[in-house]
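So you can see what is in the structure, the chains are spelled out below.
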Number of protein chains: 2
Amino acid sequence: MIVIKVGGGAGIAYDTLCADLAALTRAGQRCVLVHGGSHETNTLAEQVGHPPRFVTSPSGYTSRYTDRKTLELFLMAAAGKVNKLIVERLQGLGVNAVGLSGLDGRLLEGPRKAVIRIIEDGKQKVLRDDWTGTIEKVNTDLLHLLLNAGFLPVIAPIAASYAGEALNVDGDRAAAAIAVALGADTLVLLTNVPGLLRAFPDEHTLVRQISRTDVEEYLPLAQGRMKKKLLGASEALTQGVGRVILSDARVAEPVSRALTGEGTVIA
Amino acid sequence: MIVIKVGGGAGIAYDTLCADLAALTRAGQRCVLVHGGSHETNTLAEQVGHPPRFVTSPSGYTSRYTDRKTLELFLMAAAGKVNKLIVERLQGLGVNAVGLSGLDGRLLEGPRKAVIRIIEDGKQKVLRDDWTGTIEKVNTDLLHLLLNAGFLPVIAPIAASYAGEALNVDGDRAAAAIAVALGADTLVLLTNVPGLLRAFPDEHTLVRQISRTDVEEYLPLAQGRMKKKLLGASEALTQGVGRVILSDARVAEPVSRALTGEGTVIA
């Protein structure tokens, strides 16, 4: 079993990714695909006149401020457009994909963070009406049901709060949680760079191998969202996933290449 | 088994519908919910500057012209927003709903009508780049899988062409096809009126009962989308559904009321 996360950034080559997934599933490989939706959400938010707002936490992580209106835009972009266009591509290649969000069947569950603390102009502030959360539970029954029946699950990064509310959650952490819950051999995190770079954005400085015990050491190298990927990787490895590979989404056969060890392999 | 279709028009009371579905499922009733998305698609289309275009077929039916851009807006509004907000309401009421489109698992399949004929200014014209279709096959495996595991399927009116393309399909016909495929006792079509009206829009002229053999006679009374509902009803009844009830979506307990015979009962 492999779990693949493909970023929601601009320029992701979904066609080559889906062709690769079709080849892998034809060869008998069981896969679950988790995707993002940030780029599409930003575009839609600008179009409807509710531009995105990014905030920084006291510990230095950047994330989208998700008020209720933004949550609805995120549902449209991630669960509506990105999810269904991936399913359409896979169906066109003969792969019987089923698109879901983590809200469906409470696939992904966790507490809502209704109030978040942010740093703005050097000061700590409190924001309310936030619809984000963290994943504490993966209800694998629905995934096993689909996988055993031969479907390929395609999952949008939305979770259910314990009260059943829709929440915007981090896609990398969602993929890590699913990989742990399914006992996946491999978690592949595909993005717009070839892996972790020692001197971002110089792609010649790719870190090829990290031992699972050394992840902490590499955190200072990670720029922006790569920090969350490393954290997700670390969580997944601690909880039983065989290896995590950070690899390039922009190439042909991105998953197959990652599985042969291209990118940053953490094991 | 009952299949319920709730319209995608303005002013639908989703909260009371979901509360009613929660009570029915707690009482052991198996349900499938099909929804629309027209109102949300119109709103979104206006917001992003790609306003909706409605066309009339030579036989007098009105439908949305769905170019590729409109299809993507429809995916966002119907499969993204309407579907997930219904699932969220049901999850909040303790109903383990799973939202799908007919593209997922090729639940709904049929031919694409890439080219459509329309009447405009009294002349017949041809429109290309249309992403609509009709449903010929319902692949019930996925529905049975979910129903047997205790999930309530919530379905957006999108189908897969035989080539796997996403298609905008009529929600009433989709619900009728699903009711037939599942051998449902009852198909409930909820909308913004109390049922078929002898003198639309006078709600005191409700037709309470129609024999299945007399549906054709009532077609001339049907205004706008009600024509498609009657056609869907007729198709469903011919193919084994016990009864079809056209009923009011704007009241408390809309499904329970319909099941007691409120509305137009065709049997």
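Worth saying up front: this structure is predicted, and the values here are computed from it rather than measured. (Residues numbered from 1 in each chain as written. Chains lettered and ligands numbered in written order. Predicted model: local features only at pLDDT ≥ 70, side-chain atom pairs only at ≥ 80, totals over all residues.)

**Brief notes about the overall build of chain A**
Counting its secondary structure elements, chain A contains eight helices and 18 strands. In terms of overall dimensions, chain A is globule-like: its C-alpha atoms have a radius of gyration of 18 Å, near the 18 Å expected for 267 residues. Dimensions of chain A, computed from the C-alpha atoms along their principal axes, are close to 50 × 40 × 35 Å. Here chain A holds 267 residues, and the buried ones make up 52% of them. (Helix = DSSP H or I, 4+ residues; strand = E, 2+ residues; numbered from the N terminus. Rg over C-alpha atoms; globule rule 2.2 N^0.38 Å. Buried ≥ 20, exposed ≤ 12 C-beta atoms within 10 Å, placed from the backbone.)

**Concerning the interface of chain A and chain B**
The interface is formed by 32 residues belonging to chain A together with 31 residues belonging to chain B. The set of elements that each furnish at least two residues to the side of chain A that touches chain B consists of α3 (68-92), β5 (97-101) and α4 (140-148) of chain A. Looking at the side of chain A that touches chain B element by element, the count peaks at twelve residues for α3(A). (Contact = placed C-beta atoms within 7 Å.)

**Quick notes on the environment of A:T16**
Residues and elements named next belong to chain A. Among the secondary structure elements, T16 is positioned in helix α1 (residues 14-26). Taking C-alpha positions, T16 is 33 Å from E217, a pair spaced 201 residues apart along the chain. The residues contacting T16, other than those within four sequence positions of it, are A252, E253 and P254.

**Observations concerning the pairing of strand β5 (residues 97-101) of chain B**
Residue and element names in this part refer to chain B. The element β5 is largely enclosed, with a buried count of five among its five residues. Burial of β5 is two-sided: the residues A97, G99 and S101 facing one way and the residues V98 and L100 facing the other way are all buried. Bridge count between β5 and strand β12 (residues 152-156): five bridges; the pairing is parallel. Looking across to β12, one finds that V98 is bridged to P153. (Pairing = 2+ DSSP bridges.)

**Side note on the packing of α1(A) against α3(A)**
All names here are of chain A. Orientation of α1 relative to α3, taken along the N-to-C sense of each, is 50 degrees, at an axis distance of 9 Å. With respect to α3, the element α1 is oriented oblique. By crossing handedness, the relation of α1 to α3 is classed as right-handed. Residues Y14, D15, C18, L21 and A22 of α1 pack against I86, R89 and L90 of α3. Here the contact of α1 with α3 is built from residues that sort into six nonpolar, no polar and two charged. (Axes fitted to C-alpha atoms, helices over the stretch in contact; angles between N-to-C directions. Parallel < 35°, antiparallel > 145°, perpendicular 65-115°, else oblique. Left-handed = near helix turned anticlockwise from the far one by under 90°. Nonpolar A, V, L, I, M, F, W, Y, C, P; charged D, E, K, R; others polar.)

**Looking at the relation of the copies chain A and chain B**
You can overlay chain A on chain B at an RMSD of 0.0 Å; the transform is a turn of 180 degrees with a shift of 0.0 Å along its axis. Each copy turns onto its partner about a two-fold axis. When each C-alpha of chain A is compared by its distance to the rotation axis, A:G80 comes out closest, at 1.8 Å. Comparing interface residues between copies, 97% of those in chain A also lie at the interface in chain B; the contact surface is shared. (Least-squares fit on C-alpha atoms with pLDDT ≥ 70 in both.)

**Some details on α3(A)**
All names here are of chain A. A rise of 1.5 Å per residue sets the reference length of α3, with its 25 residues, at 36 Å; its end C-alpha atoms lie 34 Å apart and thus fit the reference within 8%. The largest bend along α3 measures about 25 degrees and falls at N83. Counting buried positions along α3 yields 22 of 25 residues, so the element is predominantly enclosed. (Expected span 1.5 Å × (residues − 1). Bend = angle between axes of the 7 residues up to and from the residue.)

**Notes on the sheet that holds β5(B)**
Residues and elements named next belong to chain B. The strand order across the open sheet formed by eight strands is β5-β12-β2-β1-β15-β17-β18-β16, and the pairing between neighbours is mixed. The sheet is open, and its two edges are formed by β5 and β16 (209-210), each paired on a single side. Relative to strand β18 (residues 264-266), strand β17 (residues 243-248) is paired through three bridges, and the arrangement is antiparallel. Its bridge partner lying in β18, L246 is registered against T264.

**Quick word on the confidence of the model for chain A**
Overall, the predicted model of chain A reaches an average pLDDT of 95, with 99% of residues at or above 70. Per the prediction output, this complex has pTM 0.97; the corresponding ipTM is 0.96. (pLDDT = per-residue confidence, 0-100.)

**Here we look at the sheet that holds strand β15 (residues 186-191) of chain A**
Spatial strand order, β5-β12-β2-β1-β15-β17-β18-β16 (chain A): eight strands in an open sheet with mixed pairing. In this open sheet, the two strands that pair with only one neighbour each are β5 and β16 (209-210) of chain A.

**Points about unusual backbone geometry**
Cis geometry is found at the peptide bond from A:F200 to A:P201, where omega equals 5 degrees. If you trace the backbone, A:P201 turns up in the loop between β15 and β16. Look at B:D129: it is not a glycine, yet its phi comes out positive at around 55 degrees. Here B:D129 shows up in the loop between β9 (123-127) and β10 (132-133).

**Brief notes about helix α2 (residues 38-47) of chain A**
Residue and element names in this part refer to chain A. Those residues of α2 lying buried are S38, E40, T41, L44 and A45. Down the axis of α2, the buried side of the element spans an arc of 160 degrees, and every buried residue falls inside it. Of the surrounding secondary structure, the elements contacted by the buried residues of α2 are α3. Directly after α2, the chain includes G49, whose backbone phi takes a positive value near 75 degrees. (Arc of directions from axis to C-beta.)

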